[in-house]
Amino acid sequence: MKARCAAKAIVIGLLLLPAVLRSQNVVADWDAIAANTIVTVGGAAPASSFIFFAYVDVAVYDAVNSIEHRDRPFALRVRAPRGASVDAAVITAAHDVLVHYYPLQQAALDADEDASLAAIPDSQAKTDGMTVGQAVAASWIDLRANDGVNAPITYVWGHGPGIWEPVPPFPPPVTPWMAYFIPFTYQSASDFLGTIDPPPSLTSKLWANDYNLTKEYGALNGSLRTPKQTEIGQFWAAHPGIQFSQALRLLIAEHHLNIAESARLVAMQNVSLADAEVACFNAKYHYAFWRPYTAIHDADTDGNPDTVADPNWEPLDTTPGHPEYPAAHGCGTEALATALQTYFHRDRVHYQVTSSVTSTTHKFERLSDVVIEVDMARIFGGMHYRHSVLQGNVMGRAVACHVLRTRFQASCFEDWDKNERLSVQ
């Protein structure tokens, strides 16, 4: 192990040991550590968090496959001595990638690594596995150098009918660099822009219908929502990086996945999510479409007689600080569902997710129902329009199918038509 203050590492490691090793699956263990590092401590925004999960998960996947040769590598393969410990490779690969992107958390990550490695008996296999993990992480970090992550992009917004501008609490534009980030599986962030329609014309019936649906069901006060719909709107306001990570670890446990199976599942989900969100944010900053708060306050400027302004309207949930179209949750959740459906070869999969906002748990028996509920939650929360979440689904599926086909040699699970099912009833 790396040299460091031994006494401090031992104390911290002993404190963290039960949590780190609870699942007896190091892929799941380090997914939990990644969630804490990236979101809880690191404060990554919801959409951008999946980029950092993907950094970790590709390294883990390629470290496993460098030893086991079960799947084609995602990005690279290093030579591994026969018998190298897969667990040790996973631990060191995940650790080294997280330290690279979150250097201020190195002390905690070092302690987590020590605690994880302590569960593996000292041997040449352990040493070899650590060497493999370190080599994969270093090569992967080099491959992703200068990819635009956290680039200092300045976005200047406008004002007028249909144009996005910050809404209360008026945060600055969130992660505009994602619109230019180099994706993991395709060439340019704009490559999937053509998979979706532009936002609807402000004089169209589609716009009026979408506007009034969100106005009526997404309002903080005087909404037509039922109590159940209000809970749904608030439930999905929690950070999806945490929600999807917890749900993923439950899937690993419930299906008794081994290390190689877990590494493949986690990489399929989080690379699909990451690249879907990159495409989504490119579209968001390309179209720069206004949020419901602005649209409803300024409806007298849109030229549509079927939209009536309300200067007192407020959304149920806090509106994110980036343009509206398409819905990021629509992109991401569809990509997640597509990846999971493809991995399990079916839509009927038990899926359980918890919200820190409502302190409740939702259980689903179909992955498609997760997408439908998330789509409706964005309307109930007053942040999005129906067309936006549906078009987000289209983009998310297109990206996920590309990811799964090109990097995991997996045929995308057959699509299903949600248009008839996405209803407030």
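Since the structure is predicted, the reported quantities are computational estimates derived from the model, not experimental observations. (Residues numbered from 1 in each chain as written. Predicted model: local features only at pLDDT ≥ 70, side-chain atom pairs only at ≥ 80, totals over all residues. Heavy atoms only, no water.)

### Comments concerning the environment of serine 223
Within the secondary structure layout, serine 223 lies in the loop between helix 7 (205-217) and helix 8 (227-235). Taking the C-alpha atoms as reference, serine 223 lies 9.6 Å from proline 315; in sequence the two are 92 residues apart. A polar contact of 3.3 Å, which involves the side chain of serine 223, links it to the backbone oxygen of glutamate 216. A polar contact of 3.3 Å, which involves the side chain of serine 223, links it to the backbone oxygen of tyrosine 217. (Helix = DSSP H or I, 4+ residues; strand = E, 2+ residues; numbered from the N terminus. Polar contact = N/O pair within 3.5 Å; in protein donor to acceptor, adjacent residues only side chain to side chain.)

### Here we look at unusual backbone geometry
Proline 168 connects to proline 169 through a cis peptide bond whose omega is 5 degrees. With respect to the helices, strands and loops of the structure, proline 169 is situated in the loop between helix 6 (124-143) and helix 7. Residue proline 326 follows tyrosine 325 across a cis peptide bond; omega there is -5 degrees. One can find proline 326 in the loop between helix 11 (292-297) and helix 12 (328-344). The phi dihedral of alanine 288 falls on the positive side, at around 45 degrees, and the residue is not glycine. In this structure, alanine 288 sits in the loop between helix 10 (259-287) and helix 11.

### A look at the pairing of strand 1 (residues 351-355)
Only one face of strand 1 is buried, namely the one carrying Tyr351, Val353 and Ser355, since none of Gln352 and Thr354 on the opposite face is buried. Between strand 1 and strand 2 (residues 360-364), which pair antiparallel in sequence order, lie 4 residues; one of them, serine 359, sits at a positive phi of approximately 55 degrees. (Buried < 20%, exposed > 50% of the residue type's maximum accessible area, 1.4 Å probe, protein only. Pairing = 2+ DSSP bridges.)

### Describing the nonpolar core
Core analysis: the largest hydrophobic core is formed by 127 residues, its most contacted members being Ile38, Ile51, Tyr55, Trp140, Phe184, Trp236 and Tyr351. In terms of residue count, helix 10 provides more of this core than any other element does, 17 residues in total. With sequence-adjacent residues up to four places away left out, phenylalanine 184 is seen in contact with Ile51, Ala54, Tyr55, Phe74, Trp140, Arg144, Val271, Ala274, Asp275 and Arg407. (Core = buried A, V, L, I, M, F, W, Y, C linked by side-chain atoms within 4.5 Å. Contact = heavy atoms within 4.5 Å.)

### Considerations on helix 10
Under the 1.5 Å per step criterion, the end-to-end length of helix 10 is 42 Å for 29 residues, consistent within 8% with the ideal 42 Å. Taking burial as the measure, the 29 residues of helix 10 include 26 buried ones, the bulk of the element. Where helix 10 begins, the capping side chain belongs to asparagine 258, and its oxygen is found 3.2 Å from the backbone nitrogen of alanine 260. One or two positions beyond helix 10, positive phi appears at alanine 288, with a value near 45 degrees. (Expected span 1.5 Å × (residues − 1).)

### With respect to the pairing of strand 2
Pairing of strand 1 with strand 2, which is carried by 5 bridges, proceeds in the antiparallel orientation. Across the sheet, the residue bridging to glutamine 352 is lysine 363, located in strand 2.

### Quick notes on the confidence of the model for the chain
Summarising the model, the chain shows a mean pLDDT of 93, and 92% of its residues fall at 70 or more. Scored below 50 in pLDDT, residues 1-21 shows 29 contacts in the model against residues more than four places distant or in partner chains. (pLDDT = per-residue confidence, 0-100.)

### A look at the packing of helix 8 against helix 13 (residues 367-380)
Running from amino to carboxyl end, helix 8 crosses helix 13 at an angle of 95 degrees, the nearest separation of the two axes being 8 Å. Taken together, the axes of helix 8 and helix 13 are roughly perpendicular relative to one another. Seen from helix 8, the contacting residues are Gln229, Ile232 and Gly233; seen from helix 13, they are Glu373, Ala377 and Phe380. A class-by-class count of the residues in the contact of helix 8 with helix 13 yields 3 nonpolar, 2 polar and 1 charged. (Axes fitted to C-alpha atoms, helices over the stretch in contact; angles between N-to-C directions. Parallel < 35°, antiparallel > 145°, perpendicular 65-115°, else oblique. Nonpolar A, V, L, I, M, F, W, Y, C, P; charged D, E, K, R; others polar.)

### Considerations on empty space enclosed by the protein
Evaluated as defined, the whole model comprises 2 cavities of 30 Å³ or more. Here the largest cavity is characterised by a volume of approximately 60 Å³. Every residue along the wall of the largest cavity is listed here: Val27, Trp30, Asp31, Val56, Asp57, Val60, Ala263 and Val266. When contributions to the lining of the largest cavity are tallied by element, the ones reaching two or more residues are helix 2 (26-41), helix 3 (46-68) and helix 10. When the residues that make up the lining of the largest cavity are grouped by side-chain class, the tally is 6 nonpolar, no polar and 2 charged. (1 Å grid on protein atoms, 1.4 Å probe; cavity = no way out; pocket = protein on both sides within 12 Å on 5 of 7 lines; lining within 4 Å. Points joined across faces, edges and corners; volume = space filled by probe spheres on them.)

### Re the packing of aromatic side chains
A complete count under the given rule lists 29 aromatic pairs for this structure. Ring centres of tyrosine 55 and phenylalanine 184 lie 5.5 Å apart, and the angle between their planes is 80 degrees; this geometry places the pair in the edge-to-face category. Taken together, the residues span a long stretch of sequence, with tyrosine 55 in helix 3 and phenylalanine 184 in the loop between helix 6 and helix 7 at a distance of 129 residues. Overall, tyrosine 55 belongs to the buried group, its relative accessible area being 0%. (Phe/Tyr/Trp six-rings, centres within 6.5 Å; stacked < 30°, edge-to-face > 60°.)

### Here's the deal with the packing of helix 3 against helix 4 (residues 86-101)
Two numbers describe how helix 3 lies on helix 4: the axes approach to 9 Å, and their chain directions differ by 150 degrees. By the angle between their axes, helix 3 is roughly antiparallel relative to helix 4. Where helix 3 crosses over helix 4, the handedness of that crossing is right-handed. For the pair helix 3 and helix 4, the contacting residues are Phe52, Tyr55, Val56, Ala59, Val60, Ala63, Val64, Ile67 and Glu68 in the first and Val86, Ala89, Val90, Ala93, Ala94, Val97, Leu98 and Tyr101 in the second. Classifying every residue of the contact of helix 3 with helix 4 by side-chain character gives 16 nonpolar, no polar and 1 charged. (Left-handed = near helix turned anticlockwise from the far one by under 90°.)

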